[in-house]
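Listed here are the chains, written in short residue letters.
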Amino acid sequence: MAAERGMPALEAQKQQVEGEGPGQPGRERPLQAGEKWYLLENHWYQQWKAYVESGDQNSSSFPGRINNAELFEDLESYRLKDRLVEYEEYILVPEEVWNKLVSWYGIEHDQPAIERKVVDLPSMQKVEVYLVELYLCQHSDMDNPVTAQFSRMDIIDTVLKEARRQFSVPAEDETRLWVKNSDSSCERLRNLQMTVLDACLSSGQVVIMETRSKDGTWPSSRPHIMKNSMEDEELYQGQPGVCGLTNLGNTCFMNSALQCLSNVPPLTEYFLNNCYLEELNFSNPLGMKGEIAEAYADLIKQQWSGHHRSIVPRMFKTKVGHFASQFLGYQQHDSQELLSFLLDGLHEDLNRVKKKEYVELKDAAGRPDEEVADEAWRNHKRRNDSIIVDIFHGLFKSTLVCPKCGKVSVTFDPFCYLSAPLPVSKDRVMEVFFVSMDPCKKPEQHRLIVPKAGKVLDLCCTLSKHTGVPAERMMVADVFSHRFYKIYQMEESLSCILDRDDIFIYEVSISVQEDPAAADAVVLPVYLRERTQGRDYNDTYYGVMLFGHPLLVSVPRDQLSWDALYQLLLHRLSRYVTQPDSEEEDEEDQSEEEDLYSKRPNGLSEGEEEEEEETTAEGSTSQEPSSETEENPSDASVGEEGVGVEGMHSSNPTPHQSPDTPSSSPSPPTANQAKRKCRLPQQRCRKSLFTLQPVNSNGTSDRLAVQDEGNTVSFNSQPYVAMDWDSEMKKRYYNEAEAEGYVKHDCMGYMVKKNPVRLQECIELFTTVETLEEENPWYCPTCKKHQLATKKLDLWSLPEILIIHLKRFSYTKHSREKLDTLVEFPIRDLDFSDFIIKPQKDPALYKYDLIAVSNHYGSLRDGHYTTFARNKDSGTWFYFDDSSVSSVSKTQIESKAAYVLFYQRQDKIRHPVHPAASVSSVGSRNQEDYEDCCESLPTEQTSRDFMDVD
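Residues numbered from 1 in each chain as written. Predicted model: local features only at pLDDT ≥ 70, side-chain atom pairs only at ≥ 80, totals over all residues. Heavy atoms only, no water.

Colleague: What am I meant to see in the sheet that holds strand β6 (residues 141-150) here?
Modeller: Read across the open sheet, the five strands follow the order β6-β5-β9-β7-β8; overall the sheet is mixed. Of all the strands in the sheet, just β6 and β8 (186-188) have a single pairing partner and so form its edges. Across the sheet, the mean angle separating the axes of adjacent strands is 35° when strand polarity is ignored. Pairing of strand β7 (residues 175-180) with β8, which is carried by three bridges, proceeds in the antiparallel orientation. (Pairing = 2+ DSSP bridges. Helix = DSSP H or I, 4+ residues; strand = E, 2+ residues; numbered from the N terminus. Axes fitted to C-alpha atoms, helices over the stretch in contact; angles between N-to-C directions.)

Colleague: I would appreciate a short explanation of the environment of Arg 531 in the present structure.
Modeller: Structurally, Arg 531 is set in strand β20 (residues 521-531). A distance of 2.7 Å separates a polar atom in the side chain of Arg 531 from a polar atom in the side chain of Thr 691. (Polar contact = N/O pair within 3.5 Å; in protein donor to acceptor, adjacent residues only side chain to side chain.)

Colleague: Please explain helix α2 (residues 42-54) as it appears in this structure.
Modeller: An α-helix turns once every 3.6 residues. As a result, residues three or four positions apart point the same way. Between its first and last C-alpha, α2 extends 18 Å over 13 residues, near the 18 Å set by a 1.5 Å rise per residue. Looking at α2, one finds that the buried residues are Asn 42, His 43, Trp 44, Tyr 45, Gln 47, Trp 48, Tyr 51 and Val 52. The inward-facing, buried residues of α2 abut α1 (10-18), β1 (36-41), β2 (90-94) and α3 (95-105). Within two residues after α2, Gly 55 carries a phi angle of roughly 75°, on the positive side. (Expected span 1.5 Å × (residues − 1). Buried < 20%, exposed > 50% of the residue type's maximum accessible area, 1.4 Å probe, protein only. Contact = heavy atoms within 4.5 Å.)

Colleague: In this structure, what is going on with the pairing of strand β3 (residues 115-121)? I would like to understand it.
Modeller: Within a regular strand, side chains alternate between the sheet's two faces. The sheet contact formed by β1 and β3 spans three bridges and is antiparallel. Pairing of Tyr 38 across the sheet is with Glu 115, part of β3. Two elements, β3 and strand β4 (residues 124-127), share four bridges in a ladder whose sense is antiparallel. Of the residues in β4, the one forming a bridge with Leu 121 is Met 124. Between β3 and β4, which pair antiparallel in sequence order, lie two residues; one of them, Ser 123, sits at a positive phi of approximately 70°.

Colleague: I tried to follow the sheet that holds strand β32 (residues 790-797) on my own but got confused; where do I start?
Modeller: Sheet strands pair by backbone hydrogen bonding; their relative direction is either parallel or antiparallel. The sheet built from four strands is open, its strands ordered β13-β12-β32-β29 with antiparallel pairing. The outermost strands of the open sheet, each flanked by one partner alone, are β13 (408-415) and β29 (770-771). Strand direction decides the pairing type here: β29 and β32, joined by two bridges, are antiparallel. The residue bridging Thr 771 from the neighbouring strand is Thr 790, located in β32. Lying on the sheet, helix α11 (residues 369-383) is in contact with β12 (394-401), β13 and β32; it crosses β13 at an angle near 40°.

Colleague: Explain a negative patch on the surface to me, please; I cannot follow it from the model alone.
Modeller: Side chains of Glu 770, Glu 773, Glu 774 and Glu 775 sit close together on the surface and give a patch of like negative charge. When you line up the elements, Glu 773 lands in the loop between β29 and β30 (778-780). Here Glu 773 falls in the exposed class, since its relative accessible area comes to 56%. (Patch = residues over 30% accessible without salt bridge, like charges linked within 9 Å, V, L, I, M, F, W, Y side chains within 5 Å. Areas by Shrake-Rupley, 256 points an atom, 1.4 Å probe, with all protein chains shown as cover. Salt bridge = Lys/Arg side-chain N within 4 Å of Asp/Glu carboxyl O. Lys, Arg positive; Asp, Glu negative; His and termini not counted. Charge placed at Lys NZ, Arg CZ, Asp CG, Glu CD.)

Colleague: Sorry, what's going on with the pairing of β20 here?
Modeller: Among the eleven residues that make up β20, ten are buried, leaving the element largely enclosed by the rest of the structure. Where β20 lies against strand β21 (residues 544-556), ten bridges are found, and the strand directions are antiparallel. By the bridge assignment for β21, Ala 521 is matched with Pro 556. Strand direction decides the pairing type here: β20 and strand β26 (residues 721-725), joined by five bridges, are parallel. If you follow Leu 528 over to β26, its bridge partner there is Met 723.

Colleague: I'm lost on the packing of helix α8 (residues 291-303) against helix α9 (residues 314-323) in this one. Help?
Modeller: Packed helix pairs are characterised by how far apart their axes lie and by the angle those axes make with each other. In contact at an axis separation of 9 Å, α8 and α9 are set at 160° when each is read in the N-to-C sense. Taken together, α8 and α9 sit at an angle that is classed as roughly antiparallel. At the point where α8 passes α9, the crossing takes the left-handed sense. Here Glu 291, Ile 292, Ala 295, Tyr 296 and Leu 299 of α8 lie close against α9, whose contacting residues are Phe 316, Lys 319, Val 320 and Phe 323. Of the residues in the contact of α8 with α9, the class split is seven nonpolar, no polar and two charged. (Parallel < 35°, antiparallel > 145°, perpendicular 65-115°, else oblique. Left-handed = near helix turned anticlockwise from the far one by under 90°. Nonpolar A, V, L, I, M, F, W, Y, C, P; charged D, E, K, R; others polar.)

Colleague: Looking at this structure, how should I read the nonpolar core?
Modeller: Note that soluble globular proteins tend to have their nonpolar side chains buried in a common cluster. Core analysis: the largest hydrophobic core is formed by 55 residues, its most contacted members being Leu 261, Leu 267, Phe 271, Tyr 296, Phe 392 and Phe 902. With residues near it in sequence (within four places) discarded, Phe 902 still touches Cys 260, Leu 261, Val 264, Leu 339, Ile 801, Leu 802, Ile 803, Asp 849, Leu 850, Ile 851 and Ala 852. Within the second largest apolar cluster, 36 residues are counted, among which are Leu 422, Phe 835, Val 888 and Tyr 903. (Core = buried A, V, L, I, M, F, W, Y, C linked by side-chain atoms within 4.5 Å.)

Colleague: For this particular structure, what's the right way to read the pattern of salt bridges?
Modeller: Opposite charge on two side chains allows them to pair when their charged atoms are near. Inspection of every chain in the model, using the stated rule, returns 41 salt bridges. A salt bridge links Glu 133 to Arg 79; the shortest N-O distance between them is 3.3 Å. Placement of Glu 133 in strand β5 (residues 132-138) and of Arg 79 in the loop between α2 and β2 is noted, with a sequence separation of 54 residues between them. Residue class for Arg 79 comes out partly exposed when judged on its relative accessible area of 37%. Among the salt bridges present, the one from Lys 486 reaches Glu 492, with a minimum N-O distance of 2.7 Å. With a relative accessible area of 18%, Glu 492 lands in the buried category. Through salt bridges with shared partners, a single ionic network connects Glu 279, Arg 352, Lys 381, Asp 385 and Asp 390.

Colleague: When you look at the packing of aromatic side chains in this model, what are you seeing that I'm missing?
Modeller: Two descriptors summarise a pair of aromatic rings, namely the distance from one centre to the other and the angle between the planes of the rings. If you walk through the whole model with that rule in mind, you get 30 aromatic pairs. Ring geometry for Phe 253 and Phe 327: centres 6.0 Å apart, planes at 25°, overall stacked. You can see Phe 253 sitting in helix α6 (residues 252-262) and its partner Phe 327 sitting in the loop between α9 and α10 (335-349), a full 74 residues away along the chain. Judged on exposure class, the residue Phe 253 and its partner Phe 327 are both buried. Ring geometry for Trp 725 and Tyr 734: centres 5.7 Å apart, planes at 70°, overall edge-to-face. Joined through ring pairs, the aromatic side chains of Phe 547, Tyr 566, Tyr 576, Phe 690, Trp 725 and Tyr 734 make up one cluster. Its end group placed over the ring of Phe 547, Lys 730 keeps NZ or CZ at 4.7 Å from the ring centre. (Phe/Tyr/Trp six-rings, centres within 6.5 Å; stacked < 30°, edge-to-face > 60°. Lys NZ or Arg CZ within 6 Å of the ring centre and 35° of its normal.)

Colleague: Help me out: how do you make sense of the side chain of Gln 445 in this one?
Modeller: Residue position: Gln 445 is located in strand β16 (residues 444-451). Within the structure, Gln 445 has its side chain in polar contact with the side chain of Glu 431 (distance 3.4 Å). If near-sequence neighbours (up to four positions away) are discounted, Gln 445 is found in contact with Glu 431, Val 432, Phe 433, Tyr 742, Val 743, Lys 744, His 745 and Met 748.

Colleague: Just to check I follow, could you spell out α8 for this structure?
Modeller: Taking 1.5 Å as the rise per residue, α8 with 13 residues should run 18 Å; its terminal C-alpha atoms sit 18 Å apart, in good agreement. If you check which residues of α8 are buried, you get Ile 292, Ala 293, Ala 295, Tyr 296, Ala 297, Leu 299, Ile 300 and Gln 303. Next to the buried residues of α8 lie β10 (244-245), α6, α7 (265-272), β11 (310-311), α9 and α10.

Colleague: How should I be thinking about the environment of Tyr 130 in this particular structure?
Modeller: Of note, Tyr 130 is situated in the loop between β4 and β5. Ignoring anything within four residues of it in the chain, the contact list for Tyr 130 reads Leu 80, Lys 81, Asp 82, Arg 83, Leu 84 and Arg 152. From its side chain, Tyr 130 meets the backbone nitrogen of Arg 83 in a polar contact 3.2 Å long. Only 2.9 Å separates the side chain of Tyr 130 from the backbone nitrogen of Leu 84, close enough to count as a polar contact.

Colleague: What should I look at first to understand unusual backbone geometry in this one?
Modeller: One can expect most non-glycine residues to show negative phi and most peptide bonds to be in trans. Positive phi outside glycine occurs at Tyr 78, with the angle close to 55°. Tracing the sequence through the fold places Tyr 78 in the loop between α2 and β2. Here Cys 200, not a glycine, exhibits a phi torsion of approximately 60°, which is positive.

Colleague: For this particular structure, what's the right way to read a nonpolar patch on the surface?
Modeller: A cluster of nonpolar residues, Val 429, Ile 449 and Val 752, forms a patch on the protein surface that exposes about 220 Å² of accessible area. Residue class for Val 752 comes out partly exposed when judged on its relative accessible area of 41%.

Here it is as structure tokens:
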């Protein structure tokens, strides 16, 4: 096949695409600003990779034409889907590689190439997969915007020129641009040479072009045309610090971190009192020339001025992106990661040490802990002395023990926050579909509790207890896009299966532990395809579309014929496929359908089919399969969710199957029996509901099969078969609603309860002895080699502001997950005296009160961040959700979403001054009563930012 298309040898293709070998400009080469790269659908690429690595140009894994359909929202506008993930949904290839692949394999009809350019971002180069789509409108007609796409490297002047062109503005007319924020305020885009990236413009934002009036005035200066947000904010008077932050597009993580820091009293007062001005460090090579500190100071002063309901942190976002390329653009990030960057950036910008001296680290060498700890803290302060160190830094004691020689190493290290692990359950909840061999039974959905570190066999054993089907007679498959993405072996780890995967477990008639090569049956993965009308292609695949539930069918090797397979599949689909009745169709319908199927009925020519049916009518029978097994298609491809229906028993039990098996079902009729039952004339019996076609493992390209005498078929490699349906036949006889049906097992009603854990338990885990990982060994000075030592962290001293990061996100080699365990944490009186190993003089110094919480809602890939924070002036708790702010009760603060906790030491807390109105005639109320009173007061709440796409 490859030779017919004039392709290079498979190894040569691999070298030219992958860039392996000297001078090969493959897809792994470095990016160059301005050059073109192309998006390639990852499933097709993986199929191609399997094909070239097979070494067989006639392999069943031949990928067919390039098909990027999965990357588009639809095949009319060819708009790219949102949030595509590189290496999961697509890969990028340079222009020369793309051109070669297209010349070798072609591209699906009418599909445009997805061309993108490499942009030169600060400190990095990147392919700009998603352009910025802006809504352009005129100030006089804001209800009819037009869309336009821009590169992030385009300057604002390019946006202005495009707006002038779109609205046919005369060259002599003067214009200017405004960007509309989510809270309906408008901000002038003054610097036309600033890039779209630097201006923090994101897709979905409205850019207004304003044209100067003939009388020389700007329409925005007139009342009721465009709100003057500056004057409006000056008239507003609210509580300082109760100020929202506009979401610029996936920036809720930044807003959450900023609101937490804004409500840290000593840090905020440091900036409000202008103390930072004398400590800005412009020469620190590790700092950011004071720009981060100044940008943060501007933000704090706006938030605490009392003149803003919400502000737009656009300039701050720009500064962060300039100095931390990982936060460029508008992808979702981690609030704790931004918090860590910001604390470090503020520290270096405000470091009082202008020239850092070299300090040699010393081991304890048996000295008292007090001496070593004091020395470590002095050394730290010799290089690091800032407001951040003053209020956020504490000291660990780290103890390492060599497992070979027993060498003990003790050091004291500073920290800025505690990353506390959560107790992790050893079990895992998985939801699967069980597919019985009985074709009359619908698939069953089960919720199973399995060992997190278990194997696929454990999953089957657990399901066996629900179904009574032995685990060795089960096969586990990931079904995706009407295809079998992967069929798992029993010894594979469950960590390979993600929670989002659609897992189907099929009952089979023989033990899956049997050697497939020795089995007397061959497993046929069967796909369902529908012919599309009015399209003329040389390759048969390009007129069909996959649909419905794929099947796994085992057929005895000595009875592998198209007729027997047709009858078997007809039986397997009997729950949702009805057979045609001669009384329902007239002579015209019969002739049309005979015409339609005369080319390849069941894969045979018309003459062969007639001869075969005559033989059957005389009494010969076609036997149906008696056992089932499965082979793992190594080159299976990925697509969308599907459901498979598995097998049925033979009327004669195999050595692995007894006649009284609970899930057994009657065997399907033989080909001859089926023909007698339908009671149709011979010419009517020849009409088929579908035709059968050998295909590749992806179901995307037709393959060749060898036909022997007697209609027996042998395959060149692992067989895959497609059932091709005519649209009219599918409409008449295929019940889609029934085909998609499934039932829920009783276990689906069981809710797995997760017991809450106390914050103190997380701290205990933090101080537990652990063994270093192989990737991070310790060099033992005695053994003179790296060792997997044991390590124990202890708390020596704590800062005024203690940040506790709850490690909710778990990352392993095969999986990523978020732990939604409820952590119970105190609002007041968090006592650390039991965790501090430093000799204590005053236990009261280790009690803390909560002042802020960064919350994360949702999953790993698409979540949303908010903040609970206690106002330093009033003591009232507020809920910050981007630009929306509302007061809350303390009872609402504790939740499964709590991610980063901020505590302040009690001896440093300044209690609010009670307003005169809150003092009764018999005396002052206590602090608790005052805070409860504040929490009951209504506060103004703005609407959710329309730009929030988290």
